[in-house]
Amino acid sequence: IDTTFGGFPLSFSNRYTLSGFDALIGITYIQTYYTLYAKVGGLIQNMQQNNTATYIAPSVFDFNQKENSAAVLPTVKLGAGYNIDANWSITGSYTFAYGATTKTTLAYNSLSSSLTAKINTQNPMMNILMLGVQYTA
């Protein structure tokens, strides 16, 4: 994001990369034509972030922050499958992982010529919908 506050140019960018896996346990209800399941556990999430900013005022201010954080987020997963035959099914699931709201806020005060940055670097909440095809031998 490149913008101007009170005639002073500001360049700012955030980059987040998420990776991880879930460790869940649950129950499954299997019928001839459909399957239902519910699972609980944790999403082990790794978040890499790179924040950069350049502010040109009476002097130049360069900021570069690289951070790596890992967290275990409480997770719930609900799913269903439609069994086409003994081997094939169409599946769908919803996963909710409870986390924070990751965000960055910049505020410029033109009266005092001050710039305030608030950066929340906690791992984010996730809502995931998945559709798929499953083959069971």
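Keep in mind it's a predicted model, so treat the numbers as computed, not measured. Starting from 1, residues in each chain are numbered consecutively following that chain's sequence as written. It should be noted that, the model being predicted, local features are given only for residues of pLDDT at least 70 and side-chain atom pairs only at 80 or more, the latter also being counted only at that level, while totals for whole chains, interfaces and linings use all residues. Calculated side-chain values reflect all of the structure's heavy atoms, with hydrogen atoms and water omitted.

A. How the structure looks around the overall build of the protein. Comment: elements are numbered from the N terminus, with helices defined as DSSP H or I runs of at least four residues and strands as E runs of at least two. Per the secondary structure count, the protein includes zero helices and eight strands. Taken over C-alpha atoms, the radius of gyration comes to 23 Å for the protein, far larger than the 14 Å a tight globule of 137 residues would show. Considering only C-alpha atoms, the protein reaches an extent of 75 × 25 × 25 Å along its principal axes. Exposure categories follow from relative accessible area, calculated using a 1.4 Å probe and restricted to protein chains: below 20% of the type maximum is buried, above 50% is exposed, and the middle band is partly exposed. The buried share of the protein, taken over its 137 residues, is 20%. A fraction of 60% describes how many contacts in the protein between residues 6 or more apart in sequence connect residues 24 or more apart. In short, Shrake-Rupley with a 1.4 Å probe defines the accessible areas, and a residue's cover is counted only from the protein chains shown. Put simply, the protein shows about 9300 Å² of open surface, and 60% of that area lies on carbon and sulfur atoms. Between the mean site of the 6 positive side-chain charges and the mean site of the 5 negative ones, the protein shows a separation of 5 Å. Note that the radius of gyration is over C-alpha atoms, with the globule rule given as 2.2 Å times the number of residues to the power 0.38. By definition in these notes, contact holds between two residues if any of their heavy atoms fall within 4.5 Å. Positive charges come from Lys and Arg alone, negative charges from Asp and Glu alone, with His and the N- and C-terminal ends not counted. Lysine's charge is taken at NZ, arginine's at CZ, aspartate's at CG and glutamate's at CD.

B. The pairing of strand β4 (residues 60-83), seen in detail. Paired strands are those between which DSSP finds at least two bridges. Here 23 bridges tie strand β3 (residues 34-56) to β4, and the two strands are oriented antiparallel to one another. Bridged to Thr 52 within β4 is Asn 64. Looking at chain direction, β4 and strand β5 (residues 88-97) are connected through nine bridges and run antiparallel. From the neighbouring strand, Val 76 faces β5, where its bridge partner is Phe 96. Linking two consecutive strands that pair antiparallel, namely β4 and β5, is a turn of four residues.

C. Representation of the pairing of strand β7 (residues 114-120). By the bridge criterion, seven bridges tie strand β6 (residues 103-109) to β7 in an arrangement that is antiparallel. Residue pairing for β7: Ala 107 is matched across the bridge by Thr 116. Counted between consecutive antiparallel strands, the loop separating β6 from β7 contains four residues, among which Ser 113 sits at a positive phi close to 55°.

D. Representation of the packing of aromatic side chains. Classification of ring pairs uses Phe, Tyr and Trp, with its six-membered ring standing for Trp, and accepts pairs whose centres are within 6.5 Å; under 30 degrees between planes counts as stacked, over 60 as edge-to-face, and the remaining range as tilted. Counted according to the given criterion, the structure contains three aromatic pairs. Summarising the aromatic geometry, the rings of Trp 88 and Tyr 135 are spaced 4.9 Å apart at their centres and angled 55° between planes, so their arrangement reads as tilted. Remark: Tyr 135 occurs in strand β8 (residues 126-135) and Trp 88 occurs in strand β5; sequence separation between them is 47 residues. Residue classification places Trp 88 among the partly exposed residues on the basis of a relative accessible area of 40%.

E. Quick peek at a nonpolar patch on the surface. Patch criteria: residues need more than 30% relative accessible area and no salt bridge. Like-charged residues are merged within 9 Å; nonpolar side chains of Val, Leu, Ile, Met, Phe, Trp and Tyr are merged within 5 Å. One speaks of a salt bridge when a side-chain nitrogen belonging to Lys or Arg is within 4 Å of a carboxyl oxygen belonging to Asp or Glu. On the surface, a cluster of nonpolar side chains totalling about 1100 Å² of accessible area is made up of Tyr 29, Tyr 33, Tyr 34, Leu 36, Tyr 82, Ile 84, Trp 88, Ile 90, Val 133 and Tyr 135. Listed by contribution, the elements that provide at least two residues to the nonpolar patch are β3, β5 and β8.

F. Local environment of the environment of Met 130. Counting through the fold element by element, Met 130 comes out in strand β8. What makes Met 130 partly exposed here is its relative accessible area of 42%. For the pair Met 130 and Val 60, spaced 70 residues apart in the sequence, the C-alpha separation amounts to 46 Å. Those residues within four positions of Met 130 in sequence are excluded, and the remaining contacts are Lys 77, Thr 91, Gly 92 and Ser 93.

Any link to function would need more than the numbers given here.
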